[in-house]
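# Architecture and fold: a report
Residue strings, one per chain:
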Amino acid sequence: MKFVILDLEWNGTYSRRLKGFMNEIIEFGAVKVDESMQILDTFDALVRPQVGKKISGKIKTLTNITNEELENGLQFMQAMSRFRKWMGDAVLMTWGTSDILTLIENNRYFCGNERIPFLKQYVDLQDYCERMLHYDVTKQMGLSALAQLLGVDEADIVHHRAMDDSLLSLRCLERLYREETLLPFIQDAKTDAFYEKITFKTMIICDLSNPLIKRSDMIFHCNTCGRRATKEGEWKLKNKSYRAIFRCKNCKNHFIGRVQFKLKYDGMVVKKCTIPQKDNVQDNTDQTREVVWQIKHLKSTGR
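These numbers come from a predicted model, not from an experiment.

## Structural notes on the pairing of strand E2 (residues 20-33)
Of all 14 residues in E2, 12 are buried, a share of seventy percent or more. As defined by bridge partners, strand E1 (residues 3-15) adjoins E2 across 13 bridges and the pair is classed as antiparallel. Along E2, the bridge assignment pairs leucine 6 with alanine 30. Hairpin remark: E1 followed by E2, antiparallel, with 4 residues in the connecting loop; positive phi at lysine 19, about 55°. Inspection of the sheet shows E2 paired to strand E3 (residues 39-46) by 7 bridges, in the antiparallel sense. Bridge pairing links valine 33 to isoleucine 39 in E3. Taken together, E2 and the strand that follows it, E3, pair antiparallel across an intervening segment of 5 residues, in which methionine 37 is found at a positive phi of about 65°.

## Regarding unusual backbone geometry
Here the phi dihedral of lysine 53 falls at roughly 65°; this positive angle occurs in a residue that is not glycine. Along the chain, the position of lysine 53 falls in the loop between E3 and helix H1 (57-63). Here lysine 240, not a glycine, exhibits a phi torsion of approximately 65°, which is positive. Among the secondary structure elements, lysine 240 is positioned in the loop between strand E8 (230-238) and strand E9 (241-247).

## Focus: the packing of aromatic side chains
A full pass over the atoms with the stated rule returns 18 aromatic pairs. Geometry around tyrosine 109 places arginine 17 over its ring, the cationic atom sitting 3.7 Å from the centre. One Lys or Arg, lysine 272, reaches over the ring of phenylalanine 220 and ends 4.4 Å from the middle of that ring.

## Describing the packing of helix H5 (residues 125-132) against helix H7 (residues 162-176)
Helix-helix packing is described using two parameters, namely the angle between the two axes and the distance between the axes. At a closest axis distance of 10 Å, the pairing of H5 and H7 adopts a crossing angle of 35°. Seen from above, H5 lies across H7 with left-handed handedness. Residues Leu125, Tyr128, Cys129 and Met132 of H5 touch H7, and the partners they reach there are Ser169, Leu173 and Leu176. Tallied by class, the residues present in the contact of H5 with H7 amount to 6 nonpolar, 1 polar and no charged.

Conventions we followed
Residues numbered from 1 in each chain as written. Predicted model: local features only at pLDDT ≥ 70, side-chain atom pairs only at ≥ 80, totals over all residues. Heavy atoms only, no water. Buried < 20%, exposed > 50% of the residue type's maximum accessible area, 1.4 Å probe, protein only. Helix = DSSP H or I, 4+ residues; strand = E, 2+ residues; numbered from the N terminus. Pairing = 2+ DSSP bridges. Phe/Tyr/Trp six-rings, centres within 6.5 Å; stacked < 30°, edge-to-face > 60°. Lys NZ or Arg CZ within 6 Å of the ring centre and 35° of its normal. Axes fitted to C-alpha atoms, helices over the stretch in contact; angles between N-to-C directions. Left-handed = near helix turned anticlockwise from the far one by under 90°. Contact = heavy atoms within 4.5 Å. Nonpolar A, V, L, I, M, F, W, Y, C, P; charged D, E, K, R; others polar.

This is the structure we're talking about:
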């Protein structure tokens, strides 16, 4: 079994055809490895913009890619054709789902195909690495943060360049890789279910009457003594999360309880935290003690 770790750079641009914005790929970078994580080959290609024509100043600063360099790049369909032949039947990996979603978006726009024809098996490396570290599943760890945590040398890495980021992903994977633990993370990418799941857009629920919200989700405990607190007043919606004042009858402590509901493909994620009550309450992460957990509900569709 071979694995290909792919990283992409893209430019956010407006499409007249879509009458909206899209992320247009401007660089492919990938490394191919065997089951022992030994490098077999690399792939690197710049892609000439066809929608945005020129990259934004922000992307130019971030990547150091210039419009002059891109003028000699491949067209997207040429880059995809070469990448397809180079990749072969390897398992595709990306750090998080942003790159694979952007690849799907560009393939749909330029090739008119909702699916990537050569994508047979897929692994979300971010998910794998986080779970190997028992990281909080309701949060996301950046690649550079993981590298620092694992003590991976980044001295020769140029961040926000496709090839370098794919190599950094490999270095992190090498520290956590075991064949038996990776196998369950290899997804069958040829099914409708795969595309339904990966393209599902997370929604923040702002309606407390939603049947997926449980009464227990609205219960808070005192951040001082741990006893169940009593809600005073009504829930108020602010910045897509609900807040209410709570009072602990045991220690007379007052605090604000904040709860947010995110509906993902696999179910509901409930994020809760308590905030000390002040005359002018502000969100201060240094003063906020987060109590976060994930609650999954079966979807009505049965998936």
